[in-house]
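Observations on the model geometry
Residues per chain are reported as follows:
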Amino acid sequence: MECISVFDMLKIGIGPSSSHTLGPWRAAERWINKLKEKNTFQNVDKITVNLYGSLSLTGKGHATDYAVMLGLSGKDPVTIPPENIHTIVNSIKETKTINFGDEKLLPFNPETDIIFNKEFLPFHANGMSFTAHINGKKQTKKYYSIGGGFVVKKKRKNAKKNIEIKCSFPYPIDKGTELLNFCKSLNMSISQVVFENEKSLRPEKEINKELQDIWNVMLECMYTGCHTEGTLPGGLNVRRRAFDMHKNLIGTKPYTNGTEWIYTIRDTKVKFRQIFKWVSCFALAVNEVNASLGRVVTAPTNGSAGVIPAVLMYYLVIENHDGNFEDIKKFLLVAGEIGSIFKKGATISAAMGGCQAEIGVSSAMAAGALCELLGGSPEQVLIAAEIAMEHHLGLTCDPIGGLVQIPCIERNAMGAIKAINAAELALDTSPENIKVPLDKVVSTMWETAKDMNTKYKETSEGGLAIGVNLTDC
């Protein structure tokens, strides 16, 4: 049985895409580490990179070339100051050299040494290869970015699940039914069961710190998005909307930092219509930061990074003004577990399953997590997740210009609203009346993904991506 931690599903990194940015970045790091393990790193005199399939077709818009260069330069997506990204990349382009692994200078021309190959490799749509030239000979390694920042090297026996390592959770879970059985036998909530599994991997103090770090990045991302005006990069000239929405919602109330900001929002008189606006504002803010190569939390992907923080923020500033870290902790634990069930039984890669695999999964994660915080039973939590995904089935991925902007940013707002609605519906639903269990919708999503035409799977070859004239943007 596959072991996927909450921290595998919720990763801190750089936008705009987990599969097209974070994945290739991590793959470059892994390749360098492999060269060092084999004691061949110091002998490398030239490097080249091939990007295949979806990584090639939408790689420019998703900053895949930037990610590759940064990974090859030995930079860490968790700690790199986002403002340094363009400086590093521009230096590589101008000097046509790269500080390989942050240790040795090599000749490197991005125009010729990063090759965008439209061919699809047989295992996964997001394939790439790294080639080291050593004493006139070539050594090549292939990697696949399978969604959510996960990277695998080659096809394995359990190809769809991409099982790389196994572990021994005390309560191993692949399906929703297994999760419910543990909740029932242990008389625990979903968050409690997940927490016990996490404690088998790391100390409780470390879990709490990492969860707090994740929330801090989410909060900072929302705050930054709400306070940054202007136009997103990439050529579509998309104006940031979170700034204007936030300004209209907050009015003239003063605050000086993120903590005061939360209390200011709580004190604002909120009507039903304004709730929708606040949730949308939070979601838009995150994904505008993501679209500008800012730091976000992959949840479960970068393209869907705005749903979970928006729904959690909704709970803290609308539903429960006394909410604290324990609530945040429960929310993230439940969300991570639901996401892992979808990854094991289907996919979280838009290149494999369309946007249902990103926004649909994130909405299901947020719906289930909110349901538990609102008092839902474990059965109702999974009902909430099922409802959210049920109404995202078949959602295509057709980004205009290959950028994670249109329709991606708005879809985060829609996914967040659907998550809240799904949680409320689940709370008023008796489990015995459910006709479609979560496991059924997971398997249906995977079948839908396999049936979906390739041009609607993050290739920018269909849908809105070809139906809109870029010159009009």
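Residues numbered from 1 in each chain as written. Predicted model: local features only at pLDDT ≥ 70, side-chain atom pairs only at ≥ 80, totals over all residues. Heavy atoms only, no water.

So, the overall build of the protein
- Scanning the protein for helices and strands turns up 20 helices and nine strands.
- On C-alpha atoms alone, the protein measures out to a radius of gyration of 22 Å, which is about the 23 Å that the 2.2 N^0.38 rule sets for 473 residues.
- C-alpha atoms of the protein, sized along the principal axes, occupy 65 × 50 × 45 Å.
- For the protein, the residues scored as buried account for 58% of the 473 residues in total. (Helix = DSSP H or I, 4+ residues; strand = E, 2+ residues; numbered from the N terminus. Rg over C-alpha atoms; globule rule 2.2 N^0.38 Å. Buried < 20%, exposed > 50% of the residue type's maximum accessible area, 1.4 Å probe, protein only.)

Thoughts on the packing of helix H17 (residues 378-390) against helix H19 (residues 438-451)
- The contact between H17 and H19 brings their axes to 9 Å, and the two run at 30°. Comparing the axis directions of H17 and H19 gives the class roughly parallel. For H17 against H19, the interelement crossing comes out left-handed. For the pair H17 and H19, contact is made by Leu382, Ala385, Glu386, Met389 and Glu390 and by Leu438, Val441 and Met445, respectively.
- Looking at the contact of H17 with H19 residue by residue, the class counts come to six nonpolar, no polar and two charged. (Axes fitted to C-alpha atoms, helices over the stretch in contact; angles between N-to-C directions. Parallel < 35°, antiparallel > 145°, perpendicular 65-115°, else oblique. Left-handed = near helix turned anticlockwise from the far one by under 90°. Contact = heavy atoms within 4.5 Å. Nonpolar A, V, L, I, M, F, W, Y, C, P; charged D, E, K, R; others polar.)

Remarks on the nonpolar core
- In this structure, Ile308, Met313, Phe331, Leu332 and Phe342 are the most contacted members of the largest nonpolar core, which totals 114 residues.
- Both of domain 1 (20-145) and domain 2 (176-467) provide at least three residues apiece to this core.
- Here Ile308 is in contact with Leu10, Met218, Ala299, Phe331, Leu332, Ala335, Ser362, Met365 and Ala366, once residues within four sequence places are set aside.
- Membership of the second largest hydrophobic core comes to 37 residues, among which are Ile32, Phe41, Ile88 and Ile98. (Core = buried A, V, L, I, M, F, W, Y, C linked by side-chain atoms within 4.5 Å. Domains from an automatic or database assignment.)

Observations concerning the pattern of salt bridges
- The final tally for this structure, using the stated rule, is 18 salt bridges.
- Close ionic contact of Asp113 with Lys46 constitutes a salt bridge, the shortest N to O distance being 3.0 Å. Of the two residues, Asp113 is situated in helix H6 (residues 110-113) and Lys46 in strand S2 (residues 46-52); the sequence distance between them amounts to 67 residues.
- Take Asp113: its relative accessible area is 5%, and that puts it in the buried class.
- Assessed through its relative accessible area of 28%, Lys46 is described here as partly exposed.
- Measuring nitrogen to oxygen at the nearest pair gives 3.4 Å for the salt bridge that ties Asp65 to Lys60. (Salt bridge = Lys/Arg side-chain N within 4 Å of Asp/Glu carboxyl O.)

Structural notes on the state of the cysteines
- Under the criterion given, the structure shown has zero disulfides.
- Cys371 provides the cysteine sulfur closest to Cys183, a residue in no disulfide bond, and the two sulfurs are 12 Å apart.
- You can call Cys183 buried: its relative accessible area is 5%.
- Residue Cys281 stays outside any disulfide, its sulfur separated by 3.6 Å from that of Cys226, the closest cysteine.
- On the basis of relative accessibility, which here comes to 0%, the residue Cys281 falls in the buried class. (Disulfide = S-S within 2.5 Å.)

Focus: the UniProt feature "domain: Serine dehydratase-like alpha subunit" (unreviewed entry) in the protein
- Mapped onto this numbering, the UniProt entry gives "domain: Serine dehydratase-like alpha subunit" (unreviewed entry) at residues 187-465.
- Helix makes up 62% of residues 187-465 and strand makes up 1%, while its end C-alpha atoms are separated by 49 Å. (UniProt positions renumbered as here; feature names shortened; annotations may be inferred.)

Re the packing of aromatic side chains
- Enumeration over the complete set of coordinates arrives at ten aromatic pairs.
- Ring centres 5.3 Å apart and planes at 25° place the aromatic pair Trp31 and Phe130 in the stacked group. Taken together, the residues span a long stretch of sequence, with Trp31 in helix H2 (residues 18-37) and Phe130 in strand S6 (residues 127-134) at a distance of 99 residues. Assigned by exposure class, Trp31 and Phe130 land together as buried.
- When the centroid spacing of 5.9 Å and the interplanar angle of 70° are considered together, the rings of Phe130 and Tyr143 count as edge-to-face. (Phe/Tyr/Trp six-rings, centres within 6.5 Å; stacked < 30°, edge-to-face > 60°.)

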